[in-house]
Amino acid sequence: RLIASSLNLSMGTVTNIVKDLLERNILIEGRKDNKVMGRKSTYLHFNHNMAFVISVILSYPNVMRLSVCDLSGNIVKTNSAYIPLIIDNTNDGIKLFKGLATTISDFIGSNDKDIQDRIMAIEISIPGIAFNNLTVYAPFFNWDNLPLGNYLRNFFPYPVFLENVTRIKAVYEMRYVVPSEKNVL
């Protein structure tokens, strides 16, 4: 009733939506209320294990941290790799793309089949600027208009998202850090 009245929906509509979310495994049933009288309620929970995201953090100079995260942001598995990230005379854009794609692919393959089958996206945190989630400008790595998003989208069967690492940290702090512990203006 609380959901229906809060959203100005009928009970039937809410029941149909909840039924659909249960069938799609987005919600899961929890414990039942142990009331003595009246209809017993069933607690519903978000199924944070229904899918996983591969998180990749690129750090200066050549560190790549890879994690499998559930939909609540909990890290299930993590690993680090050292690959050349700086574009120079010995490492051009093609070598960089292949190195990133191979390392991410190997990390995905190192997970249980159950996790591999439920990967829904890849998120890459970069110390630079992502334009339209496709190209990257990262002066630390000598990347200028690098079409990283385009390349990785063609390589992987999942959506690929590029974002500035500082922006990701700021969003995290806004959402999850207790106000008295925030260190922002």
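Computed from a predicted model, the values in this text were never measured in an experiment.

Engineer: What is the right way to look at the sheet that holds strand 7 (residues 129-131) in this model?
Structural biologist: Working definition: the strands of a sheet are paired by backbone hydrogen bonds and lie parallel or antiparallel to each other. Read from one edge of the open sheet, three strands run 7-8-9, paired in antiparallel fashion. At either end of the open sheet lies a strand with only one pairing partner, and these are strand 7 and strand 9 (143-146). On average, each strand axis in the sheet is tilted by 15° relative to the strand beside it, whichever way the strands run. Where strand 8 (residues 135-138) and strand 9 come together, two bridges link them in antiparallel fashion.

Engineer: Just to check I follow, could you spell out the packing of helix 3 (residues 93-109) against helix 5 (residues 148-155) for this structure?
Structural biologist: How two helices sit against one another is set out by the angle between their axes and by the gap between those axes. Here helix 3 crosses helix 5 at 45°, and the two axes come no closer than 11 Å. The angle between helix 3 and helix 5 falls in the class oblique. In the crossing of helix 3 with helix 5, the sense of the turn from one axis to the other is right-handed. Listed contacts from helix 5 to Phe 97, Lys 98, Leu 100, Ala 101 and Ser 105 of helix 3 are Leu 148, Tyr 151, Leu 152 and Phe 155. For the contact of helix 3 with helix 5, the per-class residue count stands at seven nonpolar, one polar and one charged.

Engineer: Which parts of the structure should I look at to understand the pattern of salt bridges?
Structural biologist: Where side chains of opposite charge bring their charged atoms close, a pairing between them can arise. Counted by the stated rule, this structure contains three salt bridges. With its nearest N and O atoms 3.1 Å apart, the salt bridge here joins Asp 20 to Arg 24. By relative accessible area, which is 32% here, Asp 20 ends up partly exposed. Linking Asp 117 and Lys 113 is a salt bridge whose minimum nitrogen-to-oxygen distance equals 2.9 Å. Lys 113 matches Asp 117 in its accessibility class, with the two residues each being exposed.

Engineer: For this particular structure, what's the right way to read the nonpolar core?
Structural biologist: Nonpolar side chains tend to gather and get buried jointly when the protein is soluble and globular. With 34 residues, the main nonpolar core has Leu 58, Ile 104, Ile 122, Ile 124 and Trp 143 as its most contacted residues. Contributing elements (two or more residues each) for this core: strand 3 (52-59), strand 4 (63-70), helix 3, strand 6 (119-126), strand 8, strand 9, helix 5 and strand 10 (160-164). Among the elements that make up this core, the one with the highest residue count is helix 3 (seven residues). If we skip the residues at most four places from it in the chain, Trp 143 touches Leu 58, Leu 85, Ile 87, Leu 96, Ile 126, Val 136, Tyr 137, Ala 138 and Leu 148.

Quick notes on the rules
- Residues numbered from 1 in each chain as written.
- Predicted model: local features only at pLDDT ≥ 70, side-chain atom pairs only at ≥ 80, totals over all residues.
- Heavy atoms only, no water.
- Pairing = 2+ DSSP bridges.
- Helix = DSSP H or I, 4+ residues; strand = E, 2+ residues; numbered from the N terminus.
- Axes fitted to C-alpha atoms, helices over the stretch in contact; angles between N-to-C directions.
- Parallel < 35°, antiparallel > 145°, perpendicular 65-115°, else oblique.
- Left-handed = near helix turned anticlockwise from the far one by under 90°.
- Contact = heavy atoms within 4.5 Å.
- Nonpolar A, V, L, I, M, F, W, Y, C, P; charged D, E, K, R; others polar.
- Salt bridge = Lys/Arg side-chain N within 4 Å of Asp/Glu carboxyl O.
- Buried < 20%, exposed > 50% of the residue type's maximum accessible area, 1.4 Å probe, protein only.
- Core = buried A, V, L, I, M, F, W, Y, C linked by side-chain atoms within 4.5 Å.

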